[in-house]
Amino acid sequence: MLVVQKFGGTSVGDLDRIENVANIVKSYKERGDDVVVVVSAMAGETNKLLDYANHFSKTPPQREVDLLVSSGERVTSALLSIALQSKGIPAIALTGRQAGIKTTSDHTKARIMDIDPEKMQKHLKEGKVVIVAGFQGINENGDVTTLGRGGSDLTAVAIAGALKADKCEIYTDVDGIYTTDPRIEPKAKKIDVISYDEMLELASLGAKVMQSRSVELAKKLNVDIEVKSSFKPEIKGTLITKESKDMEKVLVSGIALDKNQARVSIFGVDDRPGISAEIFEKLANKNINVDMIVQNVGKDGKANLTFTVPQTEVELTKEVLKEYENNTENIEYDTDIAKVSVVGVGMKSHSGVAAKAFKTLANENINILMISTSEIKISMVIDEKYGELAVRALHKAYELDK
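Residue positions are counted from 1 within each chain, in the order its sequence is given. Residues qualify for local features only when their pLDDT is at least 70, as the model is predicted, and side-chain atom pairs are given and counted only at 80 or more; totals for whole chains, interfaces and linings, by contrast, use all residues. Think of the side-chain values as coming from all heavy atoms in the structure, minus any hydrogens and water.

As annotated in an unreviewed UniProt entry, the protein carries the name Aspartokinase and is attributed to Caminibacter mediatlanticus TB-2. UniProt positions are given in the numbering used here, feature names are shortened, and annotations may be inferred rather than shown by experiment. Quoted straight from UniProt, the Sequence similarities (unreviewed entry) entry for the protein says "Belongs to the aspartokinase family." Its UniProt record gives the protein the following Catalytic activity (unreviewed entry) comment, quoted word for word: "L-aspartate + ATP = 4-phospho-L-aspartate + ADP".

**Thoughts on helix H6 (residues 196-204)**
Because an α-helix packs 3.6 residues into every turn, residues spaced three or four apart end up facing the same way. In this scheme, a residue with accessible area under 20% of its type's maximum is buried, one over 50% is exposed, and one in between is partly exposed, where area comes from a 1.4 Å probe on protein chains only. Secondary structure follows DSSP: runs of H or I at least 4 residues long count as helices, runs of E at least 2 residues long count as strands, and numbering of each begins at the N terminus. Burial runs high along H6: seven of the nine residues are buried. Residues Tyr-196, Glu-198, Met-199, Leu-200, Glu-201, Leu-202 and Ala-203 constitute the buried set of H6.

**Section: the nonpolar core**
Only buried residues count toward a nonpolar core, which is a set of Ala, Val, Leu, Ile, Met, Phe, Trp, Tyr and Cys residues joined through side-chain atoms within 4.5 Å. Grouped together as the largest cluster of nonpolar side chains are 39 residues, with contacts concentrated most on Val-4, Val-36, Met-120, Val-132, Ile-159 and Met-199. For this core, the element with the most residues is helix H5 (residues 151-163), which contributes six residues. Note on contacts: a residue pair qualifies if any of its non-hydrogen atoms lie within 4.5 Å across the two residues. Excluding residues that lie within four positions of it along the chain, Val-132 makes contacts with Val-36, Val-37, Val-38, Val-39, Ser-77, Leu-94, Thr-95, Ala-99, Ile-101, Met-120, Thr-155 and Ile-159.

**A word on unusual backbone geometry**
Phi at Thr-108 takes a positive value of approximately 75°, unusual for a residue other than glycine. Note on placement: Thr-108 falls in the loop between strand E4 (101-103) and strand E5 (112-115). The partly exposed category is assigned to Thr-108, whose relative accessible area is 24%.

**Quick look at the packing of aromatic side chains**
Here is the rule: rings of Phe, Tyr and Trp (six-membered ring for Trp) pair when centre to centre is within 6.5 Å. Planes less than 30 degrees apart are stacked, more than 60 are edge-to-face, and the remainder are tilted. This structure, assessed with the given rule, holds two aromatic pairs. Relative to Phe-307, the ring of Phe-280 lies with its centre 5.2 Å away and its plane at 75°, an arrangement referred to as edge-to-face. Remark: Phe-307 occurs in strand E15 (residues 302-310) and Phe-280 occurs in helix H8 (residues 275-285); sequence separation between them is 27 residues. With relative accessibility at 17%, the residue Phe-280 sits in the buried group. Between Arg-31 and the ring centre of Tyr-28, over which it is positioned, the NZ or CZ distance is 4.2 Å. In this arrangement the basic side chain of Lys-318 is found over the ring face of Tyr-333, its NZ or CZ atom lying 5.2 Å from the centre. Comment: the charge-over-ring label is applied if NZ (Lys) or CZ (Arg) is within 6 Å of the ring centre and within 35 degrees of the ring normal.

Structure, rendered in structure tokens:
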């Protein structure tokens, strides 16, 4: 097989762990597989480099920041190549540029436009393990760019698509995707197979194992991803793949909790055509990520508008809405909330999922502040202090611990 493997920062956190990775890669190569490895920077390295930049400036030039932080992945790739060659395994380390990764010019948050796999294919034909520095590429001017959070996962998925690899393995410090956070519910179980859409929902709702952009790209390119542990490589992980009929037999796949949410309520806004478009366009222009939205028609030509934003964007939201303060009754910001979500493709063909969720929270005397649904998701905003209780209750209600 042709396998693309990605190892995150904790998996390559020190020299011993890099040697562990080399042994994993060696075992694949010795069984006859062709292997491309994508690596992150060693744990903590990127933050250290950013601290160096911030010593000189609180707003360092983004082009220089990209050139600086991309060095972390290049160090790891070179060290892994040296480790493999010391074990008799032919290997070569490549930067994003050398691997043919072309991106947009949006420094620190570039998007992959194209990958020219010719150089990687040449080295694979020569029997080498190809090790690519993740998280980076070059723009049309030849400048180094980085891909933002989860960029190494994105690199691995994109390379797997470009090379038409048989499999893409994402190695982390956990052995797969769980029905919920095991730190909240010890009875959480590892999921064997999950659809792209379910994983996208869980990723966007607070599950931190995979980033949404990587899963979106995998779905687009039809790349199967297996999430597994670099510390227990022999244990089968979780396969993220296209939806099948068998998946619909499982009513709910997972419960997610997101405490990084704030609720914004605008009371007494003018109830006129275009007011919502006006407000949300201004928020979008500031790149504020609005999630759940509820609008109620009030009285005397007024309406109430409530929505959620990430807590990190509350101050920016306040700036945008400042111009509406004199034309509304009140604007409230509540950061003591959490969003708990139930996800599963089985909802498409089963009724009563929402009713069970609402009844479960009611039985725990948890009041629901907002509700949002999609074909495979039910999200509820509640007081933050009840977040973990809600997760445990829902996990039990849908029998995910069995």
